[in-house]
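Here are the chains, one letter per residue:
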Amino acid sequence: MTKTPTARQVELTQLATSIQRGNYNGETLRRFRELVEAEARPAVDAAMQRAMPQLVAHARTMQDIRNEQRRLIAQVSRDIMARYRRGEFNRRR
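All figures in this text were calculated on a predicted structure; none of them were measured in a lab. (Residues numbered from 1 in each chain as written. Predicted model: local features only at pLDDT ≥ 70, side-chain atom pairs only at ≥ 80, totals over all residues. Heavy atoms only, no water.)

Peer 1: Outline the overall build of the protein chain, listing residues and values.
Peer 2: Across its full length, the protein chain holds two helices and zero strands. By the compact-globule yardstick of 12 Å for 93 residues, the protein chain is too spread out, its C-alpha radius of gyration being 30 Å. When the backbone C-alpha atoms are referred to their principal axes, the protein chain occupies close to 85 × 35 × 20 Å. The 93 residues of the protein chain split such that 5% are buried. When the accessible surface of the protein chain is summed, it comes to about 8300 Å², and 55% of that surface belongs to carbon and sulfur atoms. When the 19 basic and 10 acidic side-chain charges of the protein chain are each reduced to a single mean position, those positions are 11 Å apart. (Helix = DSSP H or I, 4+ residues; strand = E, 2+ residues; numbered from the N terminus. Rg over C-alpha atoms; globule rule 2.2 N^0.38 Å. Buried < 20%, exposed > 50% of the residue type's maximum accessible area, 1.4 Å probe, protein only. Areas by Shrake-Rupley, 256 points an atom, 1.4 Å probe, with all protein chains shown as cover. Lys, Arg positive; Asp, Glu negative; His and termini not counted. Charge placed at Lys NZ, Arg CZ, Asp CG, Glu CD.)

Here it is, written out as structure tokens:
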């Protein structure tokens, strides 16, 4: 049993043939791009759904890293200000 191509797939093939032969214009390219996107969208959506937990975990990890960097910078800044207030930077060696 063979799978018959859909009307969209037939049109996509015809447009691809026209483009390969150099017989195209802006409308042909636009329609080809739309059809390719429509064909690829379900596969891309499925892949994104599968990858989403890892992407979210990675984003949280990166956010955690940025938050930790901010916390450390704030802590070091407070330490430096405390040393300045105590006059540690004004002493001559």
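Peer 1: An account of helix α2 (residues 26–85) is requested, with residue identities and associated values reported.
Peer 2: Taking 1.5 Å of rise per residue, 60 residues should cover 88 Å, yet α2 covers just 69 Å from first to last C-alpha, more than 12% shy of that figure. Where α2 bends most, at A51, the angle is about 50°, and the proline P53 comes one to four residues later. In this structure N25 caps α2, since a side-chain oxygen of it lies 3.1 Å from the backbone nitrogen of E27. Immediately beyond the C-terminal end of α2, within one or two residues, lies G87, with a positive phi of roughly 85°. (Expected span 1.5 Å × (residues − 1). Bend = angle between axes of the 7 residues up to and from the residue. Polar contact = N/O pair within 3.5 Å; in protein donor to acceptor, adjacent residues only side chain to side chain.)

Peer 1: Tell me about the pattern of salt bridges, residues and numbers included.
Peer 2: Taken as a whole and assessed by the stated rule, the structure comprises eight salt bridges. R30 is the salt-bridge partner of E34, the closest N and O atoms lying 2.2 Å from each other. Note that E34 and R30 are positioned in helix α2 at a spacing of four residues, about one turn of the helix. One salt bridge in this structure joins E34 and R31, with 3.3 Å as the shortest N-O distance. Placement of the pair is E34 and R31 together in helix α2, with a separation of three residues, close to one helical turn. (Salt bridge = Lys/Arg side-chain N within 4 Å of Asp/Glu carboxyl O.)

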